[in-house]
Amino acid sequence: MRSYRAQRKKIARERIARLLDLAEQRALQGDLDLATRYVELARKLGMKYLVRIPRHFKRRFCKHCYTYLQPGNNCTVRLTRRHLAIHCHACGAITRIPYGGQP
Ligand SMILES: [Zn+2]
């Protein structure tokens, strides 16, 4: 039988997935404020139940202010020789994600 904690985590994971889905839908409809709110709620759930935000979603919001990001709308994505740089227009922070590495 699964433990109570495992069950709660499973429910939390489902709720997070649902919230991030909704965030994406709202963003596509042009409501970035609501999308950002859903991201915040998903994060809070993740912290409370020790569940990670799915990997593919990590680049969809600003790491500094948690604004939902839409490239070409509220953020700029650039490649440098070493990094993928995401410039958030809401808070001005630049998130750098390294890629490649030593050959
Ligand atoms: Zn930001």
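Above this text is the structure in question.
Residues numbered from 1 in each chain as written. Predicted model: local features only at pLDDT ≥ 70, side-chain atom pairs only at ≥ 80, totals over all residues. Heavy atoms only, no water.

Draft legend 1. Spotlight on the coordination of the zinc ion. Summarising the metal site, the zinc ion is bound by the protein donors Cys62 (SG), Cys65 (SG), Cys88 (SG) and Cys91 (SG), whose distances to it range over 2.3 Å. Seen from the zinc ion, its four donor atoms lie at angles of 107 to 112°, and the figure they make is tetrahedral. (Donors = N, O, S within 2.8 Å, 3.2 Å for Na, K, Ca; no water. Tetrahedral: all angles 85-135°; square planar, octahedral: opposite > 155°, others 65-115°.)

Draft legend 2. Geometry of a positive patch on the surface. A contiguous patch of positive charge, built from Arg5, Arg8, Arg15 and Lys48, is present on the exposed surface. Of the residues forming the positive patch, the biggest block, three residues, is contributed by helix H1 (residues 4-28). With respect to the helices and strands, Arg5 occurs in helix H1. (Patch = residues over 30% accessible without salt bridge, like charges linked within 9 Å, V, L, I, M, F, W, Y side chains within 5 Å. Areas by Shrake-Rupley, 256 points an atom, 1.4 Å probe, with all protein chains shown as cover. Salt bridge = Lys/Arg side-chain N within 4 Å of Asp/Glu carboxyl O. Lys, Arg positive; Asp, Glu negative; His and termini not counted. Charge placed at Lys NZ, Arg CZ, Asp CG, Glu CD. Helix = DSSP H or I, 4+ residues; strand = E, 2+ residues; numbered from the N terminus.)

Draft legend 3. Representation of the sheet that holds strand E3 (residues 94-98) in the model. Spatial strand order, E1-E2-E3: three strands in an open sheet with antiparallel pairing. Edge positions in the sheet fall to strand E1 (75-79) and E3, since each of these pairs with one other strand and no more. Sheet twist, expressed as the average angle between the axes of neighbouring strands with direction ignored, equals 15°. Bridge analysis of E1 against strand E2 (residues 83-88) gives five bridges, and the strand direction is antiparallel. (Pairing = 2+ DSSP bridges. Axes fitted to C-alpha atoms, helices over the stretch in contact; angles between N-to-C directions.)

Draft legend 4. Expanded view of the pairing of E2. Counted between consecutive antiparallel strands, the loop separating E1 from E2 contains three residues. The pairing of E2 with E3 spans five bridges and is antiparallel. Along E3, the bridge assignment pairs Ile86 with Thr95. Counting the residues that bridge the hairpin from E2 to E3 gives five residues, and of these Gly92 lies at a positive phi of roughly 85°.

Draft legend 5. Examining the pattern of salt bridges more closely. Under the criterion given, the structure shown has three salt bridges. For Glu24, the salt bridge is made with Arg60, and the minimal N-O distance between the two is 3.5 Å. With a gap of 36 residues between them, Glu24 in helix H1 and Arg60 in the loop between helix H2 (32-49) and E1 connect regions that are remote in the sequence. For Arg60, a relative accessible area of 27% gives the class partly exposed. For Arg37, the salt bridge is made with Glu40, and the minimal N-O distance between the two is 3.6 Å. Taken together, the residues span about one helical turn, with Arg37 and Glu40 both in helix H2 at a distance of three residues. Given the relative accessible area of 39%, Arg37 is considered partly exposed. (Buried < 20%, exposed > 50% of the residue type's maximum accessible area, 1.4 Å probe, protein only.)

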